[in-house]
Amino acid sequence: DAGVIQSPRHEVTEMGQEVTLRCKPISGHDYLFWYRQTMMRGLELLIYFNNNVPIDDSGMPEDRFSAKMPNASFSTLKIQPSEPRDSAVYFCASSLAGGETQETQYFGPGTRLLVL
Amino acid sequence: AQSVTQLGSHVSVSEGALVLLRCNYSSSVPPYLFWYVQYPNQGLQLLLKYTSAATLVKGINGFEAEFKKSETSFHLTKPSAHMSDAAEYFCAVSEGSGNQFYFGTGTSLTVIP
């Protein structure tokens with residue numbers, strides 16, 4: 001398996017612009033997670049989905065952030081409008097509810113976002 | 001409520017010395033426990049996990065961790081540090097409901113030649 005795929009790997013944008021981050025989970029996984037990592041706050045869970053349905057979005061910082069999962073193989077995290085304080089590395093992870101690898105989250109390589 | 005505490009945000013060891021990274025957790029039910037490693041500019045990679053089988057868990061790259069319920073600990077060890085072990089290490093706990101993880105704040109390991 002190719003693992004969790006994220007795109008783009010790097011994004012530089014100007015304040016006020018819309019940013020869309022993309023994630024393709026491991027095939028067959030039924031959970032998908034979005035995290036944000038910064039030096040100041042460490043690793044933060046933003047939102048997670050089960051079978052394409054958002055379960056907990058309490059970690060989403062504010063209304064400028066939105067996430068969707070239109071199907072089992074694709075999710076997006078959108079920031080509109082973006083601000084410099086959104087600069088961080090955004091990780092997507094997926095996991096399987098059952099089986100030998102249950103409870104293990106597999107992480108993508110991350111998207112490094114810089115908002116100028 | 002679940003939580004994870006990693007004592008020591010920075011740990012330095014000499015090459016060949018014992019590595020000990022500490023993790024304590026709180027959980028209202030028998031937990032699943034994990035250690036992940038993050039190399040610079042990369043994502044998190046699973047080192048090992050505890051899921052209520054053997055209390056001593058062996059992972060990749062010579063690392064192991066022991067689940068001690070009485071101490072609510074899951075410390076990570078490696079007998080002999082290698083330069084390539086320099087990375088950030090994260091401990092995480094899950095109670096299995098919804099697969100949600102709670103991560104510690106991470107420990108940065110430096111290996112001195």
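Worth saying up front: this structure is predicted, and the values here are computed from it rather than measured.

Draft legend 1. Broad picture of the overall build of chain B. Tallying secondary structure elements over chain B gives zero helices and 12 strands in all. Each helix and strand of chain B, placed in order from N terminus to C terminus, yields the pattern β-β-β-β-β-β-β-β-β-β-β-β. Taken over the C-alpha trace, chain B has a radius of gyration of 13 Å; the compact-globule value for 113 residues is 13 Å, and the two agree within 12%. Expressed as lengths along the three principal axes of its C-alpha atoms, the size of chain B is roughly 40 × 30 × 20 Å. Every one of the 113 residues in chain B was classed for burial, and the buried ones make up 46%. Taking the contacts inside chain B whose residues are at least 6 apart along the sequence as the reference set, 56% of them involve residues at least 24 apart. Charge-centre separation for chain B: the mean point of 6 positive side chains lies 6 Å from the mean point of 7 negative side chains.

Draft legend 2. The arrangement of the interface of chain B and chain A in detail. Taken together, the contact pairs 18 residues of chain B with 23 residues of chain A. Together chain B and chain A conceal approximately 1,600 Å² of surface at their shared face, both sides included; 48% is due to carbon and sulfur atoms. For the pair chain B and chain A, the interface holds zero salt bridges. At the junction of chain B and chain A, the tally comes to four residue pairs in polar contact (both at pLDDT 80 or more). When residues of the side of chain B that touches chain A are traced back to their parent elements, those giving at least two are β5 (32-38), β6 (44-50) and β10 (87-94) of chain B. Across the side of chain B that touches chain A, the residue classes tally to eight nonpolar, nine polar and one charged.

What counts and what doesn't
- Residues numbered from 1 in each chain as written.
- Chains lettered and ligands numbered in written order.
- Predicted model: local features only at pLDDT ≥ 70, side-chain atom pairs only at ≥ 80, totals over all residues.
- Heavy atoms only, no water.
- Helix = DSSP H or I, 4+ residues; strand = E, 2+ residues; numbered from the N terminus.
- Rg over C-alpha atoms; globule rule 2.2 N^0.38 Å.
- Buried < 20%, exposed > 50% of the residue type's maximum accessible area, 1.4 Å probe, protein only.
- Contact = heavy atoms within 4.5 Å.
- Lys, Arg positive; Asp, Glu negative; His and termini not counted.
- Charge placed at Lys NZ, Arg CZ, Asp CG, Glu CD.
- Buried area = accessible area lost by both parts, 1.4 Å probe.
- Salt bridge = Lys/Arg side-chain N within 4 Å of Asp/Glu carboxyl O.
- Polar contact = N/O pair within 3.5 Å; in protein donor to acceptor, adjacent residues only side chain to side chain.
- Nonpolar A, V, L, I, M, F, W, Y, C, P; charged D, E, K, R; others polar.

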